[in-house]
Amino acid sequence: MDIGKQPEPCGALYFSRANRPGAAAGGRNFHLMDANKLDESRLPRHIAVIMDGNGRWAKRNAMRRVTGHRAGVEAVRSTVTACREIGIKYLTLYAFSIENWSRPKAEISALMKLLELFLKKELPTMLERGISLRAIGDIERLPGNVRISLRDCIEKTSRGSDMVLILALSYSGRDEIVRAVRKILAEKKPARERGIDTEIFSRYLDTAGIPDPDLLIRTSGEYRISNFLLWQTAYTEFHFTEVLWPDFRKEHLIEAIFDYQNRERRFGNI
Ligand code: FPP
């Protein structure tokens, strides 16, 4: 399904697969997830996702890992579509970490091909749906053809004002912070001479101008941050689900937002 081309009905009843009786994951009682349950005045402005479990999904289905990643792209399309429909302004997806460079060459190459294909295929839909693309991470490490497609997509979608899709590619939070420090040190009049605080420092990060995530979702039953948005998640609410990324759909997103809306955010206040 292309992003936004076949909108899933908003307000319909959604069945949370993770909670289906007998489902491999979850184990809670099944319930119906209704998009109308969401409080539109308290939607997270920015959702970040650690898309995990492609490999386990493939293993569970007796398939190759790359098939799991391919199925993961469908979940990406579905999630971008759903966020756009619900009215989420920023969506950040952890698509490739710096640590992922140590995976077998064939898997890296398959992931890069999927990414390039995704950028080429989804560009018209992003334009049509007012979605602008941004990338964070050490982009220079990506293969040339991927960098070209990425820059082309970023440039062509730059006027999109309905939603920002941010892809974290060759990304690690610690690396981003170190690169920010290097940028400061490389300045003619280093920021340290002008004075530096958290707000000024944020401007040197890849996420400059992007609000911090309100909600972070991690799939596949892992409970780690894995070097993702270390600076930006200081006050982010976390939602963990057992669902493997290729199975993640709109009903799971709604469930995560619903969970978020039931939290009390105090930002260190009382
Ligand atoms: C984690 O699963 C997932 C990744 C390392 C890559 C995520 C990539 C995609 C969803 C597809 C390409 C993305 C875009 C934006 C087109 P894993 O392989 O670590 O799974 P495992 O922990 O079960 O082995």
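Model, not experiment: these values are computed from the prediction.

J.: I tried to follow helix 3 (residues 105–128) on my own but got confused; where do I start?
T.: Working note: α-helix, 3.6 residues per turn, so residues spaced by three or four point in the same direction. The end-to-end C-alpha distance of helix 3, which contains 24 residues, comes to 35 Å, matching closely the 34 Å that a straight helix rising 1.5 Å per residue would cover. At E122, helix 3 shows its maximal bend, which comes to roughly 45°, and the proline P124 appears one to four places after that position. What helix 3 keeps buried is the set L111, L115, L119, E122 and M126. As for helix 3, its buried residues are in contact with helix 2 (65–86), strand 4 (90–97), strand 5 (131–136) and helix 4 (144–156). Positive phi appears at G130, one or two residues downstream of helix 3, with a value of about 65°.

J.: Is there a simple way to think about the site of the ligand in this case?
T.: Close contacts around the ligand come from 19 residues, with N54, G55, R56, G72 and F118 the closest. Contributions of two or more residues to the shell around the ligand are made by helix 1 (54–60), helix 2, strand 4 and helix 3.

J.: How should the environment of Y171 be read in this particular structure?
T.: Within the secondary structure, Y171 sits in strand 6 (residues 163–171). Given 26 C-beta atoms within 10 Å, Y171 falls into the buried group. In this structure the C-alpha to C-alpha distance between Y171 and G137, which are 34 residues apart in sequence, comes to 4.0 Å. Setting aside residues up to four positions removed in sequence, Y171 forms contacts with Y94, S97, I98, I136, G137 and E176.

J.: So what exactly am I meant to see when it comes to the packing of helix 3 against helix 4 here?
T.: Two quantities define a packed helix pair, namely the angle between the helix axes and the distance between the axes. Remark: helix 3 packs on helix 4, axes separated minimally by 9 Å, with the N-to-C direction vectors making an angle of 15°. The angle between helix 3 and helix 4 falls in the class roughly parallel. Our pair here, helix 3 against helix 4, has a crossing hand that is left-handed. Only N145, V146, S149, L150, C153 and K156 of helix 4 make contact with helix 3, whose side of the interface consists of M112, L115, E116, L119, K120, L123 and L127. Split into classes, the residues belonging to the contact of helix 3 with helix 4 amount to eight nonpolar, two polar and three charged.

J.: Explain the pairing of strand 7 (residues 215–218) to me, please; I cannot follow it from the model alone.
T.: Where a strand is regular, its side chains alternate between the two sheet faces. A two-sided burial pattern is seen for strand 7, the buried positions comprising L215 and I217 on one face and L216 and R218 on the other. With four bridges joining them, strand 3 (residues 46–50) and strand 7 adopt parallel strand pairing. Note on strand 7: the bridge partner recorded for I47 is L215.

J.: What should I look at first to understand the pairing of strand 6 in this one?
T.: The buried count for strand 6 comes to nine of nine residues, which makes it a mostly enclosed element. As defined by bridge partners, strand 4 adjoins strand 6 across seven bridges and the pair is classed as parallel. Bridge pairing links L91 to L165 in strand 6. Where strand 5 and strand 6 come together, six bridges link them in parallel fashion. From the neighbouring strand, S132 faces strand 6, where its bridge partner is V164. In terms of handedness, the path from strand 5 via helix 4 over to strand 6 forms a crossover that is left-handed.

J.: Sorry if this is basic, but what is going on with the nonpolar core here?
T.: What tends to happen in soluble globular proteins is that the nonpolar side chains get buried as a cluster. Of all hydrophobic cores here, the largest spans 54 residues; its most connected members are I47, L91, Y94, L165, I166, A168 and L169. It is strand 6 that contributes the most residues to this core, eight residues altogether. Not counting residues up to four positions away in its chain, the partners in contact with L165 are V80, L91, I131 and L133.

J.: I would appreciate a short explanation of the environment of S78 in the present structure.
T.: Turning to its location among the elements, S78 is positioned in helix 2. For the pair S78 and R249, spaced 171 residues apart in sequence, the C-alpha separation works out to 6.1 Å.

J.: What is the right way to read the sheet that holds strand 8 (residues 237–240) from this model?
T.: Note: strands within a sheet are paired through backbone hydrogen bonds, in either parallel or antiparallel orientation. Read from one edge to the other, the open sheet built from six strands follows the order 5-6-4-3-7-8, with strand pairing classed as parallel. In this open sheet, the two strands that pair with only one neighbour each are strand 5 and strand 8. Between one strand axis and the next, the sheet turns through 20° on average, direction left out of account.

About the cut-offs
Sequence positions are assigned chain by chain, starting from 1 and proceeding in written order. Note on the predicted model: pLDDT of at least 70 is required for a residue's local features to be given, and 80 or more for side-chain atom pairs to be given and counted; whole-chain, interface and lining totals, by contrast, use all residues. To qualify as a helix, a DSSP run of H or I must reach at least 4 residues; to qualify as a strand, a run of E must reach at least 2; elements of each kind are numbered from the N terminus. What a helix should span is 1.5 Å times the count of its residues minus one. Two axes are fitted around each residue, one to the seven residues ending there and one to the seven starting there, and the angle between them is reported as the bend at that residue. With C-beta atoms placed from the backbone, the exposure class of a residue follows from how many other C-beta atoms lie within 10 Å of its own: 20 or more, buried; 12 or fewer, exposed; in between, partly exposed. Here, residue contact means that the backbone-derived C-beta atoms of the two residues sit within 7 Å. By definition, a residue lies near a molecule or strand when the C-beta atom built from its backbone is within 6 Å of it. Axis geometry follows a simple rule: fit a line to the C-alpha atoms, using only the stretch in contact for helices, then measure angles between N-to-C directions, giving values from 0 to 180 degrees. An angle below 35 degrees is treated as roughly parallel, one above 145 as roughly antiparallel, one from 65 to 115 as roughly perpendicular, and anything else as oblique. Definitions for this section: a left-handed crossing has its near helix turned counterclockwise from the far helix by less than a right angle. A right-handed crossing has that turn clockwise. Each residue is assigned to one of three groups, with Ala, Val, Leu, Ile, Met, Phe, Trp, Tyr, Cys and Pro labelled nonpolar, Asp, Glu, Lys and Arg labelled charged, and all others, Gly among them, labelled polar. Note on pairing: two strands pair once DSSP finds at least 2 bridges between them. A crossover gets the label right-handed when its path from the first strand over the helix to the second runs clockwise, viewed with the strands pointing away from the viewer. Nonpolar core, as used here: buried Ala, Val, Leu, Ile, Met, Phe, Trp, Tyr and Cys residues forming one set through C-beta atoms within 7 Å.

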